[in-house]
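Inside the fold
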Amino acid sequence: KMLQYLRYSLPFTKQQRSGEIEGVTRVCAYEKQVALGTERGHLWLLEGIAGSAKPGVQMRAHADAVRDISWDGTGQFVATCGDDGVVSIVGRSPGSVTWTTAEDW
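The notes below deal with the structure included here. The structure displayed is predicted, hence computed values, not measured ones.

This next bit is on the nonpolar core. Membership of the largest hydrophobic core comes to 13 residues, with the highest contact counts inside it found for L43, L45, W71 and V78. If you list the elements that add at least two residues to this core, you get β1 (24-30), β3 (42-49) and β6 (66-71). Beyond its immediate sequence surroundings of up to four residues, L45 is in contact with V34, A35, G56, V57, M59, W71, V78, V90 and W99.

Quick look at the structure:
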């Protein structure tokens with residue numbers, strides 16, 4: 001197999017525009033989807049399709065750094081754990097582009 005990569009250009013948050021860069025603490029891929037956890041507790045969910053990227057979805061998953069990320073076997077759910085001692089689960093219906101947290105189910 002040939003290794004392929006895709007460069008994602010994430011939209012800047014207000015803090016990043018002011019010079020406060022948020023570091024990535026964990027990366028986890030599932031097929032053409034990538035989940036990024038940050039040191040400030042954000043979770044980015046990105047999709048790459050044949051050399052292009054759909055806009056990423058950012059959500060607040062934790063009060064502190066994201067330490068681990070795991071996709072379920074279908075790519076519909078993502079679980080994270082963080083330094084705040086919380087396990088967070090987000091998911092979406094098959095075919096949907098909208099991610100929701102477990103509290104919204």
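Let us now look at the pattern of salt bridges. Summed over the entire model, instances satisfying the criterion amount to 3 salt bridges. Here R26 makes a salt bridge to D68, at a shortest N to O gap of 3.5 Å. With R26 in strand β1 and D68 in strand β6, this pair connects stretches of sequence that are 42 residues apart. Using a relative accessible area of 34% as the deciding quantity, one classes R26 as partly exposed. Taking the relative accessible area as the measure of exposure, D68 reaches 37% and is therefore partly exposed. The shortest N-O distance in the salt bridge between D83 and R67 comes to 3.0 Å. In this pair, D83 sits in the loop between β7 (77-82) and β8 (87-91) while R67 sits in strand β6, placing the two residues 16 residues apart along the sequence. On the basis of relative accessibility, which here comes to 45%, the residue D83 falls in the partly exposed class.

Here we take up the sheet that holds β6. Remark on secondary structure: sheet strands pair via backbone hydrogen bonds, oriented parallel or antiparallel. Strand order across the open sheet formed by 4 strands is β6-β7-β8-β9, with antiparallel pairing between neighbours. At either margin of the open sheet sits one strand with a lone partner, and together these are β6 and β9 (100-101). Taken together, the 5 bridges between β7 and β8 define a ladder with antiparallel strand orientation. Within the sheet, the bridge partner assigned to V78 lies in β8 and is V90.

Next up on the list: unusual backbone geometry. Residues other than glycine seldom take positive phi values, yet E31 does so here, at roughly 50°. Along the chain, the position of E31 falls in the loop between β1 and β2 (33-38).

A separate point is the side chain of T80. Checked against the element boundaries, T80 lands in strand β7. In this structure T80 comes out as buried when scored by relative accessible area, which is 2%. Side chain to side chain, T80 and H62 meet in a polar contact 2.6 Å long. Apart from residues lying up to four places away in sequence, T80 is in contact with L43, A61, H62, V66, D68, I69, V86, V87 and S88.

The grouping of F77, V87 and I89 at the surface amounts to a nonpolar patch, some 260 Å² of accessible area in total. In this structure, F77 sits in strand β7.

Rules used throughout
- Residues numbered from 1 in each chain as written.
- Predicted model: local features only at pLDDT ≥ 70, side-chain atom pairs only at ≥ 80, totals over all residues.
- Heavy atoms only, no water.
- Core = buried A, V, L, I, M, F, W, Y, C linked by side-chain atoms within 4.5 Å.
- Buried < 20%, exposed > 50% of the residue type's maximum accessible area, 1.4 Å probe, protein only.
- Helix = DSSP H or I, 4+ residues; strand = E, 2+ residues; numbered from the N terminus.
- Contact = heavy atoms within 4.5 Å.
- Salt bridge = Lys/Arg side-chain N within 4 Å of Asp/Glu carboxyl O.
- Pairing = 2+ DSSP bridges.
- Polar contact = N/O pair within 3.5 Å; in protein donor to acceptor, adjacent residues only side chain to side chain.
- Patch = residues over 30% accessible without salt bridge, like charges linked within 9 Å, V, L, I, M, F, W, Y side chains within 5 Å.
- Areas by Shrake-Rupley, 256 points an atom, 1.4 Å probe, with all protein chains shown as cover.

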